[in-house]
Every structure is written in C-alpha cells, then in structure tokens.
Amino acid sequence: MRTLAFVNQKGGTGKTTLAACLAVAARDAGERVFLIDMDPQKSLIKWGYRRGDKDLPVETVSPAKLPTVLAALARGNINLVIIDTPATDSPAADAAMACADLTLIPARPTVFDIWSSEMTRGKLKTLGKDFAFILAQCSPMPESARVRDGAAALEAMGMLLQPFVCARVDYQEAAREGMGTTEIDPNGKAAEEMRQLWSSVKRRFTRLKQAEKSTKRAA
Ligand SMILES: Nc1ncnc2c1ncn2[C@@H]1O[C@H](COP(=O)(O)OP(=O)(O)OP(=O)(O)O)[C@@H](O)[C@H]1O
Ligand SMILES: [Mg+2]
C-alpha cells in the first residue's frame, strides 16, 4: 500500500480538488483507493457524500489515529491512500507528511505560492520524506518564459511532477457533482491531466521502491 498526502500551508491551491480527481483517476486505472480528509472544513467528506460511492470511501481521521488507521488499511485490500490536509501549519499536516510515502505540494505558478510552501518543504526535508510540487491552476494559454524557467528548475531538482494542471471549469464541475474530471468529460483536457498525473505518481512510487530495495541491500 502507498500513501500520498496533499499539503500546502497556503489556502486554495487545489489540494482537495486534486485529491478527489486523482483518486478517481487512480481508481479508473484499477487501484483500490481510500481517501482520508484531515481538514476540519471537510470538503472532501462532502464530496464523498455527494458521490455516495462505497468503492471509494472517504473518512475523517485524527492526527493521533492516522498511523493506526493506515496500518489497518494496509492489512486490508486497499493499495492507495490519499490524504487531504488543511491549509495551516497543523498537527494534521504534520501527521500526514510523517506517514506519507510521497507528499504532493500543489502551488499556483506564482512566487507567493512557492514561498508559502517553505515551511512544508523544511519539514519534509527534516523528516527525510519524498515530495514534489504540482503546478496547479495554470493558464491554459502557453505559460510565460518566467513560469517555464521556474518549472524547469524545479523539475531538474526532481521536485516537480508533470503535467501542469490548468485552471479548467471541469475541475469545478467535478467538485460540484462529487465526481472526478475523468468522469465529467473522459475525453476532456482535465481528464487527460489527471491520467497523466496518476502516471507521474506511479513512476515516482516505482522509483521509491527501487530506492527502498537498494537501501535494504546496503543495510
Ligand atoms: N484546476 C482547477 N481549475 C479550476 N478551478 C480550480 C482548480 N483547482 C481548484 N480550483 C478551484 O479553486 C478553489 C480552491 O480549490 P481547493 O478547495 O481544491 O483548494 P485547497 O487547497 O483544498 O483549499 P483549502 O486550502 O481551503 O483547503 C475551489 O473553488 C476549486 O473549485
Ligand atoms: Mg481543501
């Protein structure tokens, strides 16, 4: 089982939207997915109620209980857990980062969003945990040289997952309907973005597995 957390202290960067749409895309690809909402706003829980899908459960879990709940899920038939966290420096975000195999930091392509993730990045480095940015709510028009250069620098450091997620109505429609973008319009661009993002996350998990194997061999 792999655990993925969406964290960024900055509000409104797309954590909940991406958690929901990526969960659906991963489920479409055959993963057995469980969603955990650690945000007191409970947006993901409400999305789950609207969806009413017992094959894609969404539960609230407290920071103290997270390790026990993940251990129980790992013993069951779930192979992917996606955790949504509040936009604050909180025990919930700390617990999610400590437990996740990979933390994704959605940020709009602006310096304010990137700067506001500094504390999150610092914590992940201290924990020795894998993490990557996702550039979210990007313009569907070709990005400026400034954004492209910033993204290339992040990517060169292994700190950016493709694709750029654009600002598209399908993400808002999907949230409203309790769906993913792959369901709202399977042939749309937002659907393709989520399929690509799931491929990127899977590749990252494969890389993690290889790193874990070589650490074991070295030990
Ligand atoms: N790719 C996108 N295209 C269009 N709208 C988006 C996209 N991603 C998010 N939004 C919209 O931006 C707003 C914030 O998104 P969301 O709630 O997912 O962010 P968040 O990081 O979870 O926020 P919070 O920090 O408050 O939990 C919502 O209104 C959502 O519909
Ligand atoms: Mg949210």
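Look up: the structure comes first, before these words.
Residues numbered from 1 in each chain as written. Chains lettered and ligands numbered in written order. Predicted model: local features only at pLDDT ≥ 70, side-chain atom pairs only at ≥ 80, totals over all residues. Heavy atoms only, no water.

(A) Broad picture of the overall build of the protein. Within the protein, the regular secondary structure consists of 10 helices and six strands. Scaling as 2.2 N^0.38, a compact globule of 219 residues should have a C-alpha radius of gyration of about 17 Å, and the protein matches this with 16 Å. A principal-axis box enclosing the C-alpha atoms of the protein has dimensions of 45 × 45 × 30 Å. A burial count over the protein gives 47% of its 219 residues as buried. In the protein, the proportion of contacts linking residues at least 24 apart, taken out of those at least 6 apart, comes to 76%. (Helix = DSSP H or I, 4+ residues; strand = E, 2+ residues; numbered from the N terminus. Rg over C-alpha atoms; globule rule 2.2 N^0.38 Å. Buried < 20%, exposed > 50% of the residue type's maximum accessible area, 1.4 Å probe, protein only. Contact = heavy atoms within 4.5 Å.)

(B) Seen up close, the nonpolar core. Grouped together as the largest cluster of nonpolar side chains are 36 residues, with contacts concentrated most on Leu4, Phe6, Ile82, Leu104 and Val201. For this core, the element with the most residues is helix H1 (residues 15-28), which contributes nine residues. The residues contacting Val201, other than those within four sequence positions of it, are Leu4, Leu22, Leu102, Leu104 and Leu161. In terms of nonpolar packing, the next biggest core, distinct from the first, is built from 30 residues, Val7, Leu124, Phe131 and Leu154 among them. (Core = buried A, V, L, I, M, F, W, Y, C linked by side-chain atoms within 4.5 Å.)

(C) Structural view of the pattern of salt bridges. Taken as a whole and judged by the stated rule, the model has 14 salt bridges. For Arg2, the salt bridge is made with Glu212, and the minimal N-O distance between the two is 3.2 Å. Of this pair, Arg2 sits in strand S1 (residues 2-6) while Glu212 sits in helix H10 (residues 189-218), and the two are 210 residues apart along the sequence. Across the pair Arg195 and Glu192 runs a salt bridge whose closest N-O atoms are separated by 3.2 Å. Pair noted here: Arg195 and Glu192 are both in helix H10, with a separation of three residues, about one helical turn. On the accessibility criterion, Arg195 (34% relative accessible area) is partly exposed. (Salt bridge = Lys/Arg side-chain N within 4 Å of Asp/Glu carboxyl O.)

(D) Representation of the site of ligand 1 within the structure. Taken together, 17 residues sit near ligand 1, with Lys15, Thr16, Thr17, Cys166 and Gln172 positioned nearest. Gly12 is positioned with one of its backbone polar atoms (N or O) 3.0 Å from an oxygen atom of ligand 1. For ligand 1, a nitrogen atom lies 2.9 Å from a polar atom in the backbone of Cys166. Relative to its unbound accessible surface of 620 Å², ligand 1 loses 77% to contact with the protein. Those elements giving two or more residues to the shell around ligand 1 turn out to be H1 and helix H8 (169-177). A class-by-class count of the residues in the shell around ligand 1 yields five nonpolar, nine polar and three charged. (Near = heavy atom within 4 Å. Polar contact = N/O pair within 3.5 Å; in protein donor to acceptor, adjacent residues only side chain to side chain. Areas by Shrake-Rupley, 256 points an atom, 1.4 Å probe, with all protein chains shown as cover. Nonpolar A, V, L, I, M, F, W, Y, C, P; charged D, E, K, R; others polar.)

(E) A look at the layout of surface pockets. When its volume is computed, the largest pocket comes out at roughly 400 Å³. As for the largest pocket, its lining consists of 22 residues, and the residues nearest its centre are Thr16, Thr17, Tyr171, Gln172 and Ala175. Secondary-structure elements contributing two or more residues to the lining of the largest pocket are H1, helix H2 (43-51) and H8. Of the residues contributing to the lining of the largest pocket, the split by class is 11 nonpolar, seven polar and four charged. Here the second largest pocket is characterised by a volume of approximately 220 Å³. Pro109, Thr110, Val111, Ile114, Trp115, Leu135, Arg146, Val147, Gly150, Ala151 and Leu154 are the residues that line the second largest pocket. Breaking the lining of the second largest pocket down by element, the ones donating at least two residues are helix H5 (111-116) and helix H7 (145-156). Per-element tally for the lining of the second largest pocket: the top contributor is H7, with five residues. (1 Å grid on protein atoms, 1.4 Å probe; cavity = no way out; pocket = protein on both sides within 12 Å on 5 of 7 lines; lining within 4 Å. Points joined across faces, edges and corners; volume = space filled by probe spheres on them.)

(F) Structural view of empty space enclosed by the protein. Summed over the entire model, instances satisfying the criterion amount to one cavity of 30 Å³ or more. By volume, the largest cavity amounts to about 40 Å³. What lines the largest cavity is Val7, Gln9, Thr88, Asp89, Ser90, Ala93, Asp94, Met97, Met119, Thr120 and Lys123. Elements with a contribution of two residues or more to the lining of the largest cavity: helix H4 (91-99) and helix H6 (118-127). The residue inventory of the lining of the largest cavity, partitioned by class, reads four nonpolar, four polar and three charged.

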